[in-house]
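Here is how the chains run, residue by residue.
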Amino acid sequence: MLPPFDYHRPASLAEALFLLASLPGTKKILAGGTDLVPALRRGDLSPDHVVSLSQLAGMREIKEDKGFIRIGALVTFSRLAEFPLFLKGPYKLLAEAALQVGGPQVRNQGTIGGNIVNASPAGDLLPPLTALEARVRVCRQGGERVLPLAGFLTGPGRTCIHPEEILAEVDFPALPERAAGSFVKLGRRNSLAISRISLAAIVIRGEGGIVEEARLALGAVAPVPIRARKAEALLRGRKPSPALLEEAVAAISETVADSLGDRPSAPYKRAAVRGVAREALIKADPRFASGGC
Amino acid sequence: MTGQADGKMPAVSSVIGRSCPRVDGADKVTGSALFAADRRMEGMLYARVLRSTVPHAVLRRIDAEAARAVPGVAAVYTAADIPGENRVGIIVKDEPVLVDDRIRRVGDPLALVVAGNEQALAAAMSEIEVFYEELPAVFSPEEAMAGGAPAIHGQGNIQSVTRIVRGDVDSALKEARAVISRRYTTQMVEHAYLEPEAGLAAVVDGLVTIWVSTQNPHYDRREVARVLGIGQNRVRVVQSPTGGGFGGKLDISVQCLLGLAAWKTGRPVRMVYSREESMAASPKRHPCVIDYTSACDGDGRLLAVKVKIVGDTGAYASYGPATLKRAAVHATGPYEVPNVFIESYCVYTNNPTAGAMRGFGVPQVAFAHESQMDLLAGALGLDPFTIRLRNCFRPGGVTATGQRLLHSVGIKETIDRARAKAEELGMLEGKR
Amino acid sequence: MKPFRFRATVNGRPVDLPVDPRRRLLDVLREDLGLTGTKEGCGEGECGACTVLLDGRPVNACLVLAPEAAGCDITTIEGVAVEGRLHPIQEAFLEAGAVQCGYCTPGMILAAKALLDKDPRPTDQAIKTAVSGNLCRCTGYVKIVKAVRLAAARLAREEGAV
Ligand SMILES: Cc1cc2nc3c(=O)[nH]c(=O)nc-3n(C[C@H](O)[C@H](O)[C@H](O)COP(=O)(O)OP(=O)(O)OC[C@H]3O[C@@H](n4cnc5c(N)ncnc54)[C@H](O)[C@@H]3O)c2cc1C
Ligand code: FES
Ligand code: FES
């Protein structure tokens, strides 16, 4: 049995927001429960109220709309991994990341909204969403705000959401066809493993086969996902080749080194990120392995 | 079974050498097999044990009055409530069912709460007050063996020593072409059987009857009888389907606590460990520090090995003395060595107890002796298969303990086949 | 805490009972409904011993608050055999030696069932992925994968025969 709390199951977003605004005491939102239920069981949290989002079907949708891809906060990892738009092309990194979370059971329950609000440094959707330059839409009774994910995540396990707010949706601008994405995760084993390091890569090809833009987001090497800016700058305007790959890999490793300083995991991660980076870049653009066009 | 009255094996067995369905298979695939935690009885109570949070302390007093007053609580028992002997252990009776004098590890059982429901149980647990005086603790066996270390069981911390001596190691070392000395350390390992410890006890027709997840029902029965101070004929232990053990369910877990609770309350009592409690309370694989010296001649033939093994058995002996003896006996591996000096120590510390686990001391030394063989092969420029084949036991060979191997010895064939398979899989390419 | 009215379909039968909403689906199945085939190995989503199917998808019943499963179609291991006849997956687990201690078995079988219901001809990789949320400490998984493969072949043959 979990610690005492009152359980609420609002039928609409409006009702949920009303409950959150009006209930006295501490409250927690329940989505898939894969982070919340273990925390309740351990006694890490003992809210007075638990507000379940399970009836809010509207938050389970994925839409393409006016140049944006919009994902409801209750979309599960399994749904992301199966959604046709994410199976190939530029958004593949989302499906790849979703498919590497936990095991099938956790993927069937866990949600994108929970992954974001839980804000674990090893949260696997955070690097891809960072690379996609995602924004979050956060609702409260009588209003909402939209802010970039990068500003929303404030530290390990911390975001700037208020207890009476609900993360309703995540969106990001559509990418051109000539963009490709990949996600590579290093865990201690293949499944049910928390990321030790991860890298989400998006490479947008420009005219003449050059890299018009590269976006590289690292997971589990800082309190929140970080962009490998040095490597991104160095790739811009150049043609992918094995030599360029090695330059980029070295720059990514430097970013990891700067971020981790003298933390105990630094020597391992500095080295290990090289393999992760090579794999991710080659998956995003095979010319990093072979040169050619 | 088709056994014969004259004791001879039947010409054709209905089971040996054939694939047979498991007797309990159908129940397990349909979910109808009743594991211990699946059992319930009319009027059943629930039990949980309060465990120590410090590794070494003198226990002064346990105040359970407030816990007893929690509505729904049937009883809170401490060491004083144990009618018989408050010490159990398969080899050495050194482990209390409920601590009476001294706490020796984090996770030592202090007080047993019995209640009508889980909420009352949880509430009562948090009402118990434990008064103790912390003592300096020791977490490494080397420190524990040193002079002046806190004595965990009254005397020195060396629980047992095994020595195996054959031939003259020191002279052999002088004649050797290659000598390799290394230190190997192996870690503590949790069995992590998928089913946490669980049991249900009730007094049935005057018999304390315990259905329990265990590998050792006969031993359990003896211990429950001793702890309750009653004859073994009044205790019945029924092994439930057991969700893995791997050696870790050879020791006492819930048995004596459940026996006590059922005997005293006269009601059925169930106790199920959480995964966390299972990890905290159960015995582990012995972490070992192994100093290993091997010597061979120019052909790679072993002349001598000298081994010192120190095993950390934690707070209680459990199967430690036997495990460390087994480690010593197998320290030469499957190789014939004319000159041997092996010493193996089983040492108390304030770490979690280490006991039996698959291989029983052998995996630890295997890591050492096989690493040594590779290093010797490297030093002499020999192929790792060759050096092993040159030294491995054959029928007629003599082990370090003087046992002559008269019948089948499978190591040569095993190496030959492993090599053939590795070749087939292309695993040896570029390795020679 | 006021009880929650838990209405759902469990193994094809409707259930309707009051539950404390702080209890997990696992507790309601095991304690209120007596369906003890669903096991608890860790209580935190790591082992898959508590796997049940919610609307056909495997989930860990230890991570689901009971009221969250209200209105769902729930399948536990007790609902896999039909009228006392073992399901081909159950038969295959027995034949392939995929059952040892049996504690992981109910969860494994449900994970396998969810796979084969969706993908009747899975690759070995798909089988491994399907059971990757279920720990087995006894078998080493090889025979479990073999059993699922065997079950898939049998089911395909049964299909073909119809
Ligand atoms: C066995 C296991 C393995 C795991 N492996 C991984 C892994 O490999 N990678 C990984 O990234 N994660 C992993 N996780 C963590 C977890 O599954 C994810 O973080 C998941 O995304 C959480 O989503 P949820 O819907 O279950 O969130 P919940 O547990 O329901 O909620 C998590 C937190 O977010 C809040 N919240 C949820 N939704 C909203 C919302 N819409 N608005 C406002 N607040 C909200 C909750 O109040 C809570 O604080 C694992 C978990 C388990 C149990
Ligand atoms: S008990 Fe639910 S996953 Fe282990
Ligand atoms: S058969 Fe024992 S855990 Fe799988």
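Residues numbered from 1 in each chain as written. Chains lettered and ligands numbered in written order. Predicted model: local features only at pLDDT ≥ 70, side-chain atom pairs only at ≥ 80, totals over all residues. Heavy atoms only, no water.

Here we look at the sheet that holds strand β7 (residues 143-148) of chain A
Residue and element names in this part refer to chain A.
Here is step 1: Pairing is antiparallel across the open sheet formed by 5 strands, whose spatial order is β4-β5-β10-β6-β7. Looking at strand neighbours, the two that pair on one side only are β4 (62-65) and β7, the edges of this open sheet. If you compare each strand with its neighbour and ignore which way they point, the axes differ by 25 degrees on average.
Here is step 2: With 4 bridges joining them, β4 and strand β5 (residues 68-72) adopt antiparallel strand pairing. Residue pairing for β5: Asp 65 is matched across the bridge by Phe 68.
Here is step 3: Against the sheet, helix α1 (residues 13-22) engages β6 (135-140) and β10 (166-173), with an angle of about 125 degrees to β10. (Pairing = 2+ DSSP bridges. Helix = DSSP H or I, 4+ residues; strand = E, 2+ residues; numbered from the N terminus. Axes fitted to C-alpha atoms, helices over the stretch in contact; angles between N-to-C directions. Contact = heavy atoms within 4.5 Å.)

Some words on the interface of chain A and chain C
Here is step 1: Tallying the contact residues gives 31 residues for chain A and 32 residues for chain C.
Here is step 2: Taking both sides of the interface into account, the surface hidden between chain A and chain C amounts to around 2,500 Å²; carbon and sulfur atoms contribute 54%.
Here is step 3: Of all residues in chain A, the largest losses of buried area upon contact with chain C belong to A:Met1, A:Tyr7 and A:Gln105, amounting jointly to 25% of the total for that side.
Here is step 4: Linking chain A with chain C are 2 salt bridges. (Buried area = accessible area lost by both parts, 1.4 Å probe. Salt bridge = Lys/Arg side-chain N within 4 Å of Asp/Glu carboxyl O.)

As for the domain arrangement of chain C
All names here are of chain C.
Here is step 1: If you check the domain split of chain C, you get domain 1 (4-79) and domain 2 (88-161).
Here is step 2: For domain 1 and domain 2, the distance between their C-alpha centroids amounts to 21 Å.
Here is step 3: Tallying the contact residues gives 16 residues for domain 1 and 12 residues for domain 2.
Here is step 4: When domain 1 packs against domain 2, close to 1,100 Å² is buried across both sides, 66% of that on carbon and sulfur atoms.
Here is step 5: Connecting domain 1 to domain 2 are 0 salt bridges.
Here is step 6: Here domain 1 and domain 2 share 4 residue pairs in polar contact (both at pLDDT 80 or more) between them.
Here is step 7: The element contributing the most residues to the side of domain 1 that touches domain 2 is strand β3 (residues 51-54), with 3 residues.
Here is step 8: Across the side of domain 1 that touches domain 2, the residue classes break down as 6 nonpolar, 7 polar and 3 charged. (Domains from an automatic or database assignment. Polar contact = N/O pair within 3.5 Å; in protein donor to acceptor, adjacent residues only side chain to side chain. Nonpolar A, V, L, I, M, F, W, Y, C, P; charged D, E, K, R; others polar.)

Here we look at the pattern of salt bridges
Here is step 1: Considering all chains together, one arrives at 64 salt bridges over all chains under this definition.
Here is step 2: Of the charged contacts, one joins B:Glu276 and A:Arg41 as a salt bridge, the two residues approaching to 3.0 Å between their closest N and O atoms. Placement of the pair is B:Glu276 in helix α8 (residues 275-281) and A:Arg41 in helix α2 (residues 36-42), with the two residues belonging to separate chains.
Here is step 3: A:Arg41 gets classed as partly exposed once you look at its relative accessible area, which sits at 26%. (Buried < 20%, exposed > 50% of the residue type's maximum accessible area, 1.4 Å probe, protein only.)

Brief notes about the interface of chain B and chain C
Here is step 1: In this complex, chain B contributes 26 residues to the contact, which on the side of chain C involves 29 residues.
Here is step 2: Of the roughly 2,100 Å² buried where chain B meets chain C, counting both sides, 57% is carbon and sulfur surface.
Here is step 3: Of all residues in chain B, B:Lys28, B:Val29 and B:Leu194 bury the most surface against chain C, accounting for 32% of the area lost on that side.
Here is step 4: Linking chain B with chain C are 2 salt bridges.
Here is step 5: Residue B:Asp38 is joined to C:Arg30 by a salt bridge in which the shortest nitrogen-to-oxygen separation is 2.9 Å.
Here is step 6: The interface formed by chain B and chain C includes 11 residue pairs in polar contact (both at pLDDT 80 or more).
Here is step 7: Of all the secondary-structure elements, those providing two or more residues to the side of chain B that touches chain C are α1 (25-30) and α8 of chain B.
Here is step 8: Considering each element in turn, the side of chain B that touches chain C owes the most residues, 5 residues, to α1(B).

Description of the packing of aromatic side chains
Here is step 1: Scanning the entire structure with this criterion turns up 7 aromatic pairs over all chains.
Here is step 2: Between A:Phe83 and A:Phe86, the aromatic rings sit 5.3 Å apart at their centres with planes inclined by 50 degrees, giving tilted as the arrangement.
Here is step 3: One aromatic cluster in this structure is built from A:Phe83, A:Phe86, A:Tyr91 and A:Phe172.
Here is step 4: One residue, B:Arg61, lies across the ring of B:Phe131, its end atom 4.2 Å from the ring centre.
Here is step 5: A cation over an aromatic ring shows up here: B:Lys249 above the ring of B:Tyr193, its NZ or CZ 4.4 Å from the ring centre. (Phe/Tyr/Trp six-rings, centres within 6.5 Å; stacked < 30°, edge-to-face > 60°. Lys NZ or Arg CZ within 6 Å of the ring centre and 35° of its normal.)

Side note on the site of ligand 1
Here is step 1: Neighbouring residues of ligand 1: 37 residues in total, closest A:Ile29, A:Thr34, A:Asp35, A:Leu36 and A:Thr111.
Here is step 2: Proximal residues around ligand 1 fall on chains A and C, making this an inter-chain site.
Here is step 3: A:Asp124 places a main-chain nitrogen or oxygen 2.7 Å from an oxygen atom of ligand 1.
Here is step 4: Between ligand 1 and A:Ala193, the relevant distance is 3.3 Å, taken from an oxygen atom to a main-chain nitrogen or oxygen of the residue.
Here is step 5: Coverage of ligand 1 by the protein amounts to 94% of the 980 Å² it exposes when considered alone.
Here is step 6: Residue assignment for the shell around ligand 1 shows that the elements contributing at least two residues are β2 (27-30), α6 (112-118) and β10 of chain A.
Here is step 7: The element best represented in the shell around ligand 1 is α6(A), accounting for 5 residues.
Here is step 8: Looking at the shell around ligand 1, its residues break down into 18 nonpolar, 13 polar and 6 charged. (Near = heavy atom within 4 Å. Areas by Shrake-Rupley, 256 points an atom, 1.4 Å probe, with all protein chains shown as cover.)

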